[in-house]
Amino acid sequence: MKRFDSLLKTGAVTLVLSLAFISAAQAREVSAAVAANFTGPMQALAVAFEQETGHKAVLSFGATGQFYAQIKNGAPFDVFLAADNTTPAKLEAEGVTVSGSRFTYAIGALALWSAKEGFVDDKGAALSKGAFAHLAIADPEKAPYGAAAVETLKSLGQYERLRSKLVMGNNIAQAYQFVTTGNAPLGFVALSQIYKDGKLTGGSVWIVPENLYKPILQDAVLLTKGKDNPAAAALLQFLKGPKAAAIIKSYGYQLK
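Residues numbered from 1 in each chain as written. Predicted model: local features only at pLDDT ≥ 70, side-chain atom pairs only at ≥ 80, totals over all residues. Heavy atoms only, no water.

Considerations on the sheet that holds strand 3 (residues 79-81)
For clarity, the cut-off: Two strands are said to pair when DSSP picks up at least two bridges between them. Runs of H or I in DSSP of at least four residues are treated as helices and runs of E of at least two as strands, each being numbered from the N terminus. Simply put, an axis is a line fit to the C-alpha atoms, just over the touching stretch for a helix, and the angle between two N-to-C directions goes from 0 to 180 degrees. Two residues qualify as a contact provided that any one of their heavy atoms is within 4.5 Å of a heavy atom in the partner residue.
Pairing within the open sheet is mixed, and its five strands lie in the order 2-1-3-12-4. Either end of the sheet is taken by a strand with one partner, and the two such strands are strand 2 (56-62) and strand 4 (103-108). On average, each strand axis in the sheet is tilted by 20° relative to the strand beside it, whichever way the strands run. Packing against the sheet, helix 9 (residues 230-239) makes contact with strand 1 (29-35), strand 3, strand 4 and strand 12 (216-222), and its axis sits at approximately 50° to strand 1.

Written out as structure tokens, the structure is:
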């Protein structure tokens, strides 16, 4: 009887180890090109994704326009999470994505922000006062949040007056860095960069009214290089689920 019990225990241990080995063997990596504004939420999503599926997301962050050029030149990304919906649509039309895989994973919000308390008021009057030497934005030619910033300034009738004060980062992460380091006293950033768990993380902010710029619909798409990678399909499916939705909304994004 003791021998039988011992055999059972040995068998159970072997089964557990076998299942663990199979699970590890099935786990894959997915290479994701991610718009810089989505850095914080995507890092949190990658952790939750690995916990749920066993797959690992290898993340690269940058400007949407730069990623477009890299993908066209054969960069080995499996999925692309852009800061707009036009760039993924363009790649789709050019035949470098999997048809039918594109969807909106988040709707972004633009904010005028300063690392200094009280520098930016909640009406955006700091722009018209002009008591600053530099205003940081992302390059509007490469980054949708930079284009939204320019559109906002034009809607307010402030673009020509403030044009000489603009300092441009290659992407929204660099624009944010200009403000945090004090190289610019204020700048247009993604709300997600300064907002977490329903609260402003510091400084002072004006959340730009949505009627001042076109909606920032952020689309994800499966690239042709990732069409045979089960981890790539799993990541996009995970982004559509309730766990991902909760994380995305906690950073100030809306969902479609």
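As for the environment of Glu 92
Operational definition: What qualifies as a polar contact is a pair of N or O atoms within 3.5 Å, subject to a donor-acceptor requirement within protein and to the restriction that residues adjacent in sequence count only when both atoms come from side chains.
Structurally, the position occupied by Glu 92 is in helix 4 (residues 86-93). Apart from residues lying up to four places away in sequence, Glu 92 is in contact with Thr 97, Gly 100 and Arg 102. Here Arg 102 takes part through its side chain, which lies 3.1 Å from a polar atom of the side chain of Glu 92.

Some words on the pairing of strand 8 (residues 186-190)
To be explicit about the condition: Only protein chains enter the area calculation, which uses a 1.4 Å probe; residues under 20% of their type maximum are buried, those over 50% are exposed, and those in between are partly exposed.
With five of its five residues buried, strand 8 lies for the most part within the structure. As paired strands, strand 6 (residues 135-138) and strand 8 are joined by two bridges and run parallel to one another. Bridge assignment links Ala 136 to a residue of strand 8, and that residue is Gly 187.

What about the packing of helix 3 (residues 64-72) against helix 4?
Put simply, the rule is: Oblique is the label for any angle not covered by the other classes, which are roughly parallel (under 35 degrees), roughly antiparallel (over 145) and roughly perpendicular (65 to 115). By convention the crossing between two helices is left-handed if the near helix lies anticlockwise of the far one by an angle smaller than a right angle, and right-handed if it lies clockwise. Only Asp, Glu, Lys and Arg are considered charged in this grouping, and only Ala, Val, Leu, Ile, Met, Phe, Trp, Tyr, Cys and Pro are considered nonpolar; every other residue, Gly among them, is considered polar.
Where helix 3 meets helix 4, the axes come as close as 10 Å, and the angle between the chain directions of the two elements is 15°. Judged by the angle between their axes, helix 3 and helix 4 are roughly parallel. Regarding helix 3 and helix 4, the two cross each other, and that crossing is right-handed. Counted together, Thr 64, Tyr 68, Ile 71 and Lys 72 of helix 3 and Thr 87, Lys 90 and Leu 91 of helix 4 form the full contact between these two elements. Here the contact of helix 3 with helix 4 is composed, by residue class, of three nonpolar, two polar and two charged.

Some remarks on the nonpolar core
Using the following cut-off: Nine residue types can take part in a nonpolar core, namely buried Ala, Val, Leu, Ile, Met, Phe, Trp, Tyr and Cys, and a core is a set of them joined through side-chain atoms within 4.5 Å.
With 70 residues, the main nonpolar core has Phe 38, Leu 45, Val 79, Leu 81, Leu 127, Leu 135 and Phe 188 as its most contacted residues. Looking at this core, the element that brings in the most residues is helix 9, giving six residues. Residues Ala 75, Ala 82, Leu 91 and Leu 223 belong to the second largest nonpolar core, which totals twelve residues.

Some points on the pairing of strand 2
The pairing of strand 1 with strand 2 spans seven bridges and is parallel. Pairing of Glu 29 across the sheet is with Lys 56, part of strand 2.

Considerations on the pattern of salt bridges
Counted only if it meets this: What makes a salt bridge here is a side-chain nitrogen of Lys or Arg within 4 Å of a carboxyl oxygen of Asp or Glu, nothing more.
The full count for this structure, using the stated rule, is seven salt bridges. As a salt-bridge pair, Glu 94 and Lys 72 come within 3.4 Å of each other at their nearest N and O atoms. Taken as a pair, Glu 94 in the loop between helix 4 and strand 4 and Lys 72 in helix 3 lie far apart in primary sequence, 22 residues in all. Take Lys 72: its relative accessible area is 40%, and that puts it in the partly exposed class. Asp 219 is the salt-bridge partner of Arg 102, the closest N and O atoms lying 3.1 Å from each other. With a gap of 117 residues between them, Arg 102 in the loop between helix 4 and strand 4 and Asp 219 in strand 12 connect regions that are remote in the sequence. Here the salt bridges do not stand alone but share partners, grouping Glu 92, Arg 102 and Asp 219 into one network.

Here's the deal with helix 4
Going by this rule: The directions from the helix axis to the C-beta atoms form the arc being described.
When helix 4 is considered as a whole, its buried residues turn out to be Thr 87, Pro 88 and Leu 91. Buried positions in helix 4, seen along its axis, are confined to an arc of 100° and lie on one side of it. Summarising the geometry of helix 4, the exposed residues directed more than 90 degrees from the buried face are Thr 86 and Ala 93. Buried positions along helix 4 lie against helix 3, strand 3 and strand 12. In the segment just after helix 4, Gly 95 is the residue with positive phi, at about 80°.

Here's the deal with the confidence of the model for the protein
Using the following cut-off: The predictor attaches a confidence to each residue, and that confidence, scored 0 to 100, is pLDDT.
The predicted model of the protein averages 91 in pLDDT, with 90% of residues at 70 or higher. Predicted confidence for residues 12-25 stays below pLDDT 50, and this span has zero contacts to residues more than four positions away or in other chains.

A few points about the side chain of Ser 250
Here Ser 250 is to be found in helix 10 (residues 242-250). The buried category is assigned to Ser 250, whose relative accessible area is 18%. Ser 250 has contacts with Tyr 195, Lys 196, Asp 197 and Gly 198, leaving out every residue within four places of it along the chain.

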